[in-house]
Structure formats: C-alpha cells, structure tokens
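Reading the structure
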Amino acid sequence: MSWLQALILGIVQGLTEFLPVSSSGHLEIGQALLGTSSADNLTFAVVVHAATVLSTLVILWHEVAWLFKGTFTTLKWNREKDYVAKILVSMIPVFIVGMFFKDYVEQLFGNGLLLVGICLLLTAFLLWLGEFLSKRMKGEGHDVTYRDAAIIGCAQALAVLPGLSRSGTTIATGLLCGVKKEKVAQFSFLMVLIPILGEAFLDLLDALKDPVAFSGIPVLSLVVGFFAAFLTGCFACKFMIEIVKRQKLIYFAIYCLAVGIFAIVYSQVAI
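Figured I'd write up the structure that's included with this text. (Residues numbered from 1 in each chain as written. Predicted model: local features only at pLDDT ≥ 70, side-chain atom pairs only at ≥ 80, totals over all residues. Heavy atoms only, no water.)

**Comments concerning the overall build of the protein chain**
When helices and strands are counted, the protein chain shows 14 helices and zero strands. If you list the helices and strands of the protein chain from N to C, you get α-α-α-α-α-α-α-α-α-α-α-α-α-α. Expressed as a percentage of the 271 residues in the protein chain, the buried residues total 53%. Counting only contacts in the protein chain whose residues sit at least 6 apart along the sequence, the fraction spanning at least 24 positions is 83%. Counting every atom, the protein chain has about 13100 Å² of accessible surface; 72% of that belongs to carbon and sulfur. (Helix = DSSP H or I, 4+ residues; strand = E, 2+ residues; numbered from the N terminus. Buried < 20%, exposed > 50% of the residue type's maximum accessible area, 1.4 Å probe, protein only. Contact = heavy atoms within 4.5 Å. Areas by Shrake-Rupley, 256 points an atom, 1.4 Å probe, with all protein chains shown as cover.)

The following block contains the structure:
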C-alpha cells in the first residue's frame, strides 16, 4: 500500500466512520478500486480504527470526562453511572455477534460489492425514515432509556454488515424509539467507543497471526493513514452531531442511494 493509497483510505475511514454512509462499505469500495492487498487491508484496519477512536475522544472529551468522573469518583448511583450502564446494555448484542459470529461476518465481507450496495440502499431508507421521524417530533422526545439502549444496541449489531451504516442505523433506530435527536446522536457516538476498540483488538490478533502482514506495508503509509483518519474523523464527528440537530439526514440518504446503486452496478460489471 502506497502512502497515497493510505491517505485516500484514511480520509475515507475518518469521514465515513461518523457520517451515516458506512465506513466498512466505503472501505470495501475504496480497496476494490485501489486494488490493495488483503494483508494490507487487515493491518490498515487496525491503525485507522485506533485513529477514529482517538478522534471521538478528542471531540467528545467533555462527555467522556463527565462519565469517568461520575462513575469512578463516588460509590453512589448517579446519572453518570446510569448512562454508562445504558452504554453497557447497548453493547451486549454486538458483543454476542463479535464473540460467536465473527467468522460468519468476515465471510460476508468476502462477498464483494453486491452486498455492500444492497446494504447501502437499506442505509438510505433508514436515513430517510430518520429524517421523516425527526421532523415529525419537532424537538420533542425523551432521553435514552434502558429499553432504548437495548434496541439501539441490536441495531448496532446488525450494522456489522458491510454497507449498513453504524451511526445511521443507530441514530435512525433511536429516533424510531422517540429519543430526542441530540440525545441519540451523542449516545450513538459514545456507545461505539468500546466496540470499535474491540474490533481493532480482534483485527490486531488476526494480523499477529501473520507477521508478514506488518512487514508488507510501509511505516509511512501507516502514519499517513492514521493521521488522515484522525483529522477527518474529528471533523466528521463534530459535523455529524450538528447535522442531526439540523435535520439534514436526507442528503446522506440520497448519497447512499447513489453509491449503493453504483456498487451494485460495478459488482456486476466487474464480473
């Protein structure tokens, strides 16, 4: 993988991790168009996932610090512990998928761009639905409950499919549950921190099984990819929260519709 390929893929990962357009789907498309090797893709995934986690911590530092302070500085049950408990509840479905269905999910990523395209079309529908519901709510709604957290967590588990946006799916699901748009956006980004770290850790374990993977990609490419994903991730995280507040999800729905159609057509032409 050259530094230019790493730059492009890092930007793609950083932007699409938080924008509701599916980072996994766009990386699949980008890697197919750029022709990067599978070994490079695995090693690169570890690096860019770490970068996006760091960008989330930077942008949502006040929220993360608030949760840590309230959770570990007192033994009393408080709002912070309650919020963390809801995040833990939301992680149960994706934990089950990661522990028991990881190999099956990885097989899905080998099915080419057809599945990516179909899932992007589903993402487009969910974003349109989220936009519709957001306008109907007119600023009303409630905070995230434990029931909401469990349902949003199930949506996140389904979003392991390549092309199904994690942020788009969880935000749209939260709006379906009647959660306030600004509340569901914040919860959506905070709830993915540990799963993204877990995903990066599992990718690292897989990469360690093949030491040649680490020696096959230049250090410069890894560094460029990391900083590209980090910087664009910071922008996308902050930008996405504002987008949800202003009810502009429909533009991403149109984009996912177009890219989904492109992926489906390209998958057939490539055959």
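After that view of the structure, there is still more to cover.
**A look at the state of the cysteines**
This structure, assessed with the given rule, holds zero disulfides. Counting only cysteine sulfurs, Cys154 is the nearest neighbor of Cys177, a cysteine outside any disulfide, at a range of 10.0 Å. According to the relative accessible area criterion, Cys177 is buried, its value standing at 18%. (Disulfide = S-S within 2.5 Å.)

**Let's talk about a nonpolar patch on the surface**
Where nonpolar side chains cluster on the molecular surface, the patch consists of Ile92, Phe95, Ile96, Met99, Phe100, Phe101 and Tyr104 and spans about 800 Å² of accessible area. It is helix 5 (residues 79-100) that contributes the most residues to the nonpolar patch, five residues altogether. Relative to the assigned elements, Tyr104 resides in helix 6 (residues 102-108). (Patch = residues over 30% accessible without salt bridge, like charges linked within 9 Å, V, L, I, M, F, W, Y side chains within 5 Å. Salt bridge = Lys/Arg side-chain N within 4 Å of Asp/Glu carboxyl O.)

**Observations concerning the environment of Lys69**
Examined against the element boundaries, Lys69 turns out to sit in helix 4 (residues 61-72). Using a relative accessible area of 60% as the deciding quantity, one classes Lys69 as exposed. The sequence separation of Lys69 and Glu80 amounts to eleven residues, and the corresponding C-alpha distance is 8.1 Å.

**Comments concerning the packing of helix 8 (residues 146-158) against helix 9 (residues 166-176)**
Where helix 8 meets helix 9, the closest approach of the two axes is 9 Å, and the angle between their N-to-C directions is 150°. By the angle between their directions, the pair helix 8 and helix 9 is classed as roughly antiparallel. Crossing hand, helix 8 versus helix 9: right-handed. Of helix 9, the residues touching helix 8 (which contributes Ile151, Ile152, Ala155 and Gln156) are Arg166, Thr169, Thr170, Thr173 and Gly174. For the contact of helix 8 with helix 9, the class distribution of residues is three nonpolar, five polar and one charged. (Axes fitted to C-alpha atoms, helices over the stretch in contact; angles between N-to-C directions. Parallel < 35°, antiparallel > 145°, perpendicular 65-115°, else oblique. Left-handed = near helix turned anticlockwise from the far one by under 90°. Nonpolar A, V, L, I, M, F, W, Y, C, P; charged D, E, K, R; others polar.)

**Some points on helix 8**
With 13 residues, helix 8 extends 19 Å between its outermost C-alpha atoms, agreeing within 8% with the 18 Å of an ideal straight helix rising 1.5 Å per residue. Taken as a whole, helix 8 has its buried residues at Asp148, Ala149, Ile152, Gly153, Ala155, Gln156 and Ala157. (Expected span 1.5 Å × (residues − 1).)

**Overview of the environment of Thr16**
Along the polypeptide, Thr16 turns up in helix 1 (residues 3-18). Once the C-alpha coordinates of Thr16 and Ser165 are considered, the two residues, 149 residues apart in sequence, prove to be 8.5 Å apart. What Thr16 contacts, discounting residues up to four positions off in sequence, is Val21, Ser22, Ser23 and His26. A polar side-chain atom of Thr16 sits 2.5 Å from the main-chain carbonyl oxygen of Val12. (Polar contact = N/O pair within 3.5 Å; in protein donor to acceptor, adjacent residues only side chain to side chain.)

**Considerations on the packing of helix 8 against helix 10 (residues 181-191)**
Following both chains from N to C, one finds helix 8 and helix 10 inclined at 55°, their axes separated by 12 Å at the closest point. Taken together, the axes of helix 8 and helix 10 lie oblique to each other. Remark: the crossing between helix 8 and helix 10 carries right-handed chirality. Contacts between helix 8 and helix 10 involve Ala149, Ile152, Gly153 and Gln156 on the former and, on the latter, Val184, Phe187 and Met191.

**Observations regarding the pattern of salt bridges**
Inspection of the entire model under this criterion finds one salt bridge. Where Lys86 meets Asp82, a salt bridge forms, and the shortest distance between an N and an O atom there is 3.1 Å. On the criterion of helical spacing, the pair formed by Lys86 and Asp82 is a turn pair, its members being four residues apart in helix 5. For Lys86, a relative accessible area of 12% gives the class buried.

**What to know about the packing of aromatic side chains**
Inspection of the entire model under this criterion finds seven aromatic pairs. Directly above the ring of Tyr146 sits Lys86, whose terminal nitrogen or CZ lies 5.6 Å from the centroid. (Phe/Tyr/Trp six-rings, centres within 6.5 Å; stacked < 30°, edge-to-face > 60°. Lys NZ or Arg CZ within 6 Å of the ring centre and 35° of its normal.)

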